[in-house]
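# Structural overview
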Amino acid sequence: MPGKRYKRKGGGAGGGEREEKKRKTDENTNNDGYTEIIKENSAFEEYYKTQSIIPVDEWSSFMSSLRQPLPVTFRITGTRTWSQGVLNCLEKRYFSELKDLVVEGEAISPPTPLPWYPNNLAWHVSLSRTTVRSSPLLSKFHSFLVKESNQGNISRQEAVSMIPPLLLGVEPRHYVLDMCAAPGSKTSQLIESLHYQDTLESSIPSGIVIANDADNSRCYTLVHQAKRLNSPCLIITNNDATQFPVLYYNNVDGKRVPLQYDRVLCDVPCSGDGTMRKNPTIWRSWNSSTPLSLHRLQLRLLMRGLELLKPGGRLVYSTCSMNPIEDEAVIAGALKLCNGSVELVDTSSLLPGLKRTNGVNTWKVLTKNGEWISSYKETPSNLLHTVHSSMFPPTALEADTYQLNRCIRIFPHQQDTGGFFVALLSKTSPLPWQVQPSNSGPTVKRPDELTGRHGFERKSRKQTYREDPYVFLPRTDSVVESISSYYNISSDSGITDQFLTRTLTGKKKTLYLTSPLVQEITKKNEKDCKIINTGVRVFARTESLDSACEYRITQEGIDTMLPYISNCTVRVTLSDVIALLKYPNPLLTELSADTQSLIESFGTKKPVIFVYSEASDETEGEDVRIASNIGTPIYLAGWIARKSVRLYVGHPDRYHYLAILGETPPETMSLETQSGHTHSTFFDEEGPVADDVSAREEGGGTEKEVKVLIEEEESNKRTLEQD
Ligand SMILES: C[S@@+](CC[C@H](N)C(=O)[O-])C[C@H]1O[C@@H](n2cnc3c(N)ncnc32)[C@H](O)[C@@H]1O
């Protein structure tokens, strides 16, 4: 993978100095006016040497690792059966071919699974772009990764960034808060865990994930990232998490209660010096003041997370900084305020195979004046506004209680990753100021520094625009009734009370579905909590005037709706499913006789779900071998016209299914993503970088969703015209 390029600054260094700088840049310096950034910062080196958190005999490996580009790591995303299908395909079709590959005389190291990531679902690849280009097999593998990444089945993510959700141990029944969630790679993992036990009979777990970020435009990146997982149990919110509101809902007894979380992820904004390998500009910008300016915000975020956590619940605090001021000092500061109601969890038996270093009990503070101090008492009076008591290490007695050694720090040289810090905390009882007042004990006041008026203030964000309303439809609504009747949805399922639109007036173009708890929370808290997005887009209105049902099921809605619908599927053979995926409007007469006869009894001018499963396939030999990669049936949203059939499936999804079926997509299919981007890096990381700012179109979808909708509707019109 190539390093990042930066325009070379003119002039400056003299001959010898220039030579020295050149030596410390990457090897691939170009002649076009661009050069790799100089990976040198003496202040950084001095700082970490003084902190003594890296063993002396590991110092040179530490520094040399920081100067190497970060290897590519990716995760296979999606629910259990889905990700297993993609993994099967990768292993059988691609990895096996790369095993003994030699390119230009050099043996290629095949992708390896991250040993500590469960079920081989995360992989490490060390291939340069040049190597990839020089081998057709590697190009084929690369192209598969790009397509699957477009489709959202593979997510490029830093290895260390995968750790916090794993430590959190989310279960389908958990109420989860992700406080600083954008761009959302960890949120995706949390959602996947929530849906880990989904089956064809049950797709709506009782738990919930609330993914929040203070940055409005980053929230839309989060919407896009999470949308790939189609969870009806997700709410995306846009609040300052230091003051994240208490949300209310009616519990099973109909009592209005505050929502307390079983799991909280507190992945805070940080100086990011653990990401130097990925973001080499940090070599230039690193300074010792940034951690000082972030420490109190980090502590306040952590404290709010602990307040909202249920007693008995768990919270993960993480940063991609190696600095104790942003790491152990924040943990120690919180443990002090919590006064025994929160403790660090011993994680040494978790994630076997992960190399780690224990947290430290001592560190120093480097003031803005460049002075090292070991205690708050030593702080010069003119610096009291930048240095706070919580930045200093605990006393010996506190250290005994806190057990900061239970924190995990990961250095880049330990297993060729970025640097990272993570701590798992357990709330054993309510925080001191959350204890109900009683006659016997004293009442503890909430610390002033948590109230927002004492040094933690953030500029209030301008409310740039209003979100569309969330309108839940009663089961007696005519649209819900017609959908329930066509798709045979029983009112006993409860699902008929869960549909949502984002428009108060006019025709409902799109229907979304949420879980009952999401509905309850959305309805009761819309005023106090800025909700950006929720619900899976499950039905869209058709343009056909004489359709058997005015609403067709959407591809992204199938997984959620399948357990609740019947009478709307048609089984197809392998050759038919391939034709449907490859061509826009195959004629009925071009399908197999079996499918034609099933369609005849099903009827025309109807929305449909085409189903292909190996069990239904009669084909012998090679085709059956290919199909065995799938492991789970394929469901495709479609339409049966009078003479032809079509799918409502976008190109990235079509690519995915064709690849899983061992087919090559036709040349006419564009490699572009729906957003119009082609991929320029090895393959894209953590979803799109572009902000989906216009995601407030009618229906609550992103601009891209709306574009897809329009394309689908236009194509549908064409099908109708053909008829
Ligand atoms: C390290 S990033 C989070 C990365 C994310 N967890 C992921 O895995 O993709 C920190 C995030 O915190 C957000 N942030 C900063 N201050 C915040 C605050 N007061 N409340 C909530 N989010 C905040 C930033 O906008 C940024 O998206």
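Everything numeric here is computed off the predicted structure, so don't read it as measured data.

The rules behind each value
- One numbering rule holds for all chains: residues counted from 1, following each sequence as written.
- Confidence filtering applies because this is a predicted model: local features only for residues at pLDDT of at least 70, side-chain atom pairs given and counted only at 80 or more, and all residues used for totals across whole chains, interfaces and linings.
- Calculation of side-chain values draws on the structure's entire complement of heavy atoms; hydrogens and water are dropped beforehand.
- Here a residue counts as near a molecule or strand whenever at least one of its heavy atoms sits within 4 Å of it.
- N or O atoms closer than or at 3.5 Å make up a polar contact, with two conditions inside protein: a donor-capable atom paired with an acceptor-capable one, and, for residues adjacent in sequence, both atoms drawn from side chains.
- All residues other than Ala, Val, Leu, Ile, Met, Phe, Trp, Tyr, Cys, Pro, Asp, Glu, Lys and Arg, Gly among them, are scored as polar; the first ten of these are nonpolar and the last four charged.
- The criterion for strand pairing is that DSSP finds at least two bridges linking the strands in question.
- Secondary structure elements are defined from DSSP: runs of H or I of at least 4 residues count as helices, runs of E of at least 2 residues count as strands, and each element is numbered from the N terminus.
- Centres within 6.5 Å are what make two rings of Phe, Tyr or Trp a pair, Trp counting through its six-membered ring; a difference in plane orientation under 30 degrees is then read as stacked, over 60 as edge-to-face, and the rest as tilted.
- We call a residue buried when its accessible area falls under 20% of the maximum for its residue type, exposed when it is over 50%, and partly exposed in between, using a 1.4 Å probe and counting protein chains only.
- Two thresholds decide whether a charge sits over a ring: the Lys NZ or Arg CZ must be within 6 Å of the ring centre and within 35 degrees of the ring normal.
- UniProt positions are given in the numbering used here, feature names are shortened, and annotations may be inferred rather than shown by experiment.
- By definition in these notes, contact holds between two residues if any of their heavy atoms fall within 4.5 Å.

### Section: the site of the ligand
Every one of the 21 residues lining the ligand counts as a neighbour, but D213, R218, D240, A241 and D267 are closest to it. Interatomic distance of 2.6 Å between a side-chain N/O atom of D213 and an oxygen atom of the ligand. A241 is positioned such that a nitrogen or oxygen atom in its backbone is 2.8 Å from a nitrogen atom of the ligand. When the residues that make up the shell around the ligand are grouped by side-chain class, the tally is ten nonpolar, four polar and seven charged.

### Some thoughts on the sheet that holds strand 7 (residues 122-125)
On the basis of which strands lie adjacent, the open sheet formed by four strands has the order 6-7-3-8 and antiparallel pairing. Each edge of the open sheet is held by one strand with a lone partner, namely strand 6 (112-113) and strand 8 (154-156). Relative to strand 8, strand 3 (residues 72-76) is paired through three bridges, and the arrangement is antiparallel. Within strand 8, the residue paired with F74 across the bridge is R156.

### Quick word on the packing of aromatic side chains
Under the counting rule described, the total for this entry stands at 21 aromatic pairs. Ring geometry for Y47 and W286: centres 5.3 Å apart, planes at 65 degrees, overall edge-to-face. With a gap of 239 residues between them, Y47 in helix 2 (residues 42-51) and W286 in the loop between helix 10 (281-285) and helix 11 (289-308) connect regions that are remote in the sequence. W286 carries the same exposure label as Y47, and that label is buried. An aromatic cluster is defined as three or more aromatic residues linked by ring pairs; in this entry it consists of F44, Y47, Y48, W59, F62, W283, W286, W372 and F411. In this arrangement the basic side chain of K310 is found over the ring face of Y175, its NZ or CZ atom lying 5.2 Å from the centre. One cation-aromatic arrangement involves R646 over Y648; the distance from NZ or CZ to the ring centre is 4.5 Å.

### Description of the UniProt feature "active site" (unreviewed entry) in the protein
Within this structure's numbering, the places UniProt gives as "active site" (unreviewed entry) are C320. Classification of C320 as partly exposed rests on a relative accessible area of 23%. Excluding its chain neighbours within four sequence positions, the residues that come into contact with C320 are C270, G272, D273, G274, T275, G419 and F420.

### Details of the sheet that holds strand 22 (residues 471-472)
Within a sheet, neighbouring strands are paired by backbone hydrogen bonds and run either parallel or antiparallel to one another. Pairing within the open sheet is antiparallel, and its five strands lie in the order 22-23-24-26-27. Every other strand in the sheet has two partners, leaving strand 22 and strand 27 (551-553) as the edge strands with one partner each. Alignment of strand 26 (residues 536-541) against strand 27, held across three bridges, turns out to be antiparallel. The partner of A540 across the bridge, within strand 27, is R552.

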